[in-house]
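Here is how the chains run, residue by residue.
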Amino acid sequence: MLLSLPLLACAAVRLALAFPQPAKLTKDIEHDPSVVKTPDGTYILVGTGKAIPTFASTDRLSWTKVGDAFPDGAPEAALALAGNKDVWAPDISFVNDIYILYYSTSTFGTQKSAIWLATSPTGLPGSWTDKDKVLESKEGDPYNAIDAHLFVSSNGSRHLVWGSYWSGIFLGNVDAKTGLLTSDEFVNLAARPGAGVIEAPWLYERDGVFYLFTSWDQCCEGTKSTYHMRVATSRSLVGPYLDSHGKAALEGHMTLLMDSHDDVYGPGGQSLLDDDDGVLLVYHRYFGTGSTGLLSLNVLDF
Ligand SMILES: *[C@@H]1O[C@H](CO)[C@@H](O)[C@H](O)[C@H]1NC(C)=O
C-alpha cells in the first residue's frame, strides 16, 4: 500500500508504508508497546499492564519478559486513580543517558486521568524512580490525560503529546531538567469533533516534516476491534496537521495508515523506533482468532 501525503505545493512529502503480513512474533505482548534501544544494542519494550510489564530482545523478534517496571506495584497515587487496575500506554525513551517513562492511569470510563513520570539509569525492572504527576484531567477538561509520548525535536527541545479517547490530541512543552510541563498552555493538534475515538499520539520529525500518528476507534476487543492507525503531517510542530488531501486533523481528517486486513485485526497503540536499519512502526494487533494483543513491527518507508 502506498500513501502519498503532498503537503505544500513546493515540497511534496511521500510516506510509503509497506506492510507485508507482520511476522507473528514469539511472544504475546501487552497492548500499546513502546520500545527503546539501549547503548549495548538490547531492546527494552514496555506495554500496558498493572505494574508495566517489561520485555527484552536482542533481535526485535524474540522477546523475553524480564519483569515489571514496578516490581512492588505502580506508585500508590497512580494505582489509586486507576482503582488498582492497569497502568496504560507507557512511553519509554532514552535521552542523554537517562531512561524516561511516562505512563497514565485513569478511572475507567471517565476523564479522571493522570500522566505520571519515572526515570531510571538502566530502563530495567525495579530501577525506576517515581517523579510524580505530570498532568491530570477531570470531567469537562478539553482533553483526557492519557497516552503521553515524549517528543524530542531536532534541536533538542522536548514536548509532550497526549490524549484522549473522547476529545483531542494535545501538545505541551517539557522542561528538560524535570520532565514536567513548563506551563499549562497547550496546543490542540487533532480532534474528531462529535465523532469517535482518537488517542495514542506519536510525533516523529524527519527532513523538516512533523508526522503525527494516532489510533482511532475501538481498541482491545479481539477480532471485533475496529482500532486502526492514521497519520497527518505538518511543517510546524504546532500544526496545522493535514491529511493527504490537505484537510485538517483538527476537523477529524487524517490519512489511513493501517486498518484491519487479512487476518490482522485492530492494529494500533503504535510507537516508532528509530533503528539502524530503518524507522519501525511498533504496534499491537489481534491475529486470527486469538484474543491477546500481539506485538507487530513494520519498517516505515518514508
Ligand atoms: C526547536 O524546535 C521546535 C520544534 O520545531 C520549535 O518549536 C522550537 O521553537 C525550536 N527552538 C529553537 C530554540 O529553535
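Residues numbered from 1 in each chain as written. Predicted model: local features only at pLDDT ≥ 70, side-chain atom pairs only at ≥ 80, totals over all residues. Heavy atoms only, no water.

- An unreviewed UniProt entry annotates the protein as arabinan endo-1,5-alpha-L-arabinosidase of Rhodotorula graminis.
- Checking UniProt for the protein, the heading Sequence similarities (unreviewed entry) contains the comment "Belongs to the glycosyl hydrolase 43 family."
- Under the UniProt heading Catalytic activity (unreviewed entry), the note attached to the protein is "Endohydrolysis of (1->5)-alpha-arabinofuranosidic linkages in (1->5)-arabinans." (UniProt positions renumbered as here; feature names shortened; annotations may be inferred.)

## Considerations on the UniProt feature "active site" (unreviewed entry) in the protein
Phase 1 of the analysis: If you check UniProt for "active site" (unreviewed entry), the listed places come out as Asp32 and Glu199 in our numbering. In three dimensions, the annotated residues from a span of 168 residues occupy one location, with a maximal C-alpha spread of 11.0 Å.
Phase 2 of the analysis: Considering the arrangement of structural elements, one finds aspartate 32 in the loop between strand 2 (11–17) and strand 3 (34–37).
Phase 3 of the analysis: Take aspartate 32: its relative accessible area is 14%, and that puts it in the buried class.
Phase 4 of the analysis: In terms of polar contacts, aspartate 32 uses its side chain to reach the side chain of threonine 48, at 2.7 Å. (Helix = DSSP H or I, 4+ residues; strand = E, 2+ residues; numbered from the N terminus. Buried < 20%, exposed > 50% of the residue type's maximum accessible area, 1.4 Å probe, protein only. Polar contact = N/O pair within 3.5 Å; in protein donor to acceptor, adjacent residues only side chain to side chain.)

## A closer look at the sheet that holds strand 12 (residues 158–162)
Phase 1 of the analysis: Overall, antiparallel pairing links the four strands, which are arranged 11-12-14-15 in an open sheet. Among the strands making up the open sheet, the edge pair consists of strand 11 (149–152) and strand 15 (187–190). Shown here is a sheet whose adjacent strand axes are inclined to one another by a mean of 35 degrees, direction ignored.
Phase 2 of the analysis: Looking at chain direction, strand 12 and strand 14 (residues 169–174) are connected through five bridges and run antiparallel. Paired with leucine 160 across the two strands is glycine 172, which belongs to strand 14. (Pairing = 2+ DSSP bridges. Axes fitted to C-alpha atoms, helices over the stretch in contact; angles between N-to-C directions.)

## Some remarks on the site of the ligand
Phase 1 of the analysis: Lining the immediate surroundings of the ligand are Ser153, Asn155, Ser157, Phe210 and Leu237.
Phase 2 of the analysis: A distance of 3.4 Å separates an oxygen atom of the ligand from a polar side-chain atom of serine 153.
Phase 3 of the analysis: Measuring from an oxygen atom of the ligand, one finds a side-chain N or O atom of asparagine 155 at 2.4 Å.
Phase 4 of the analysis: Bound to the protein, the ligand loses 40% of the 360 Å² it would expose on its own.
Phase 5 of the analysis: In the shell around the ligand, the residues fall into two nonpolar, three polar and no charged. (Near = heavy atom within 4 Å. Areas by Shrake-Rupley, 256 points an atom, 1.4 Å probe, with all protein chains shown as cover. Nonpolar A, V, L, I, M, F, W, Y, C, P; charged D, E, K, R; others polar.)

## What about the confidence of the model for the protein?
Phase 1 of the analysis: Per-residue confidence for the protein gives a mean pLDDT of 89, with 89% of residues at or over 70.
Phase 2 of the analysis: Here residues 1–22 is a poorly scored stretch, pLDDT under 50, and it has 69 contacts once near neighbours within four places are set aside; other chains count. (pLDDT = per-residue confidence, 0-100. Contact = heavy atoms within 4.5 Å.)

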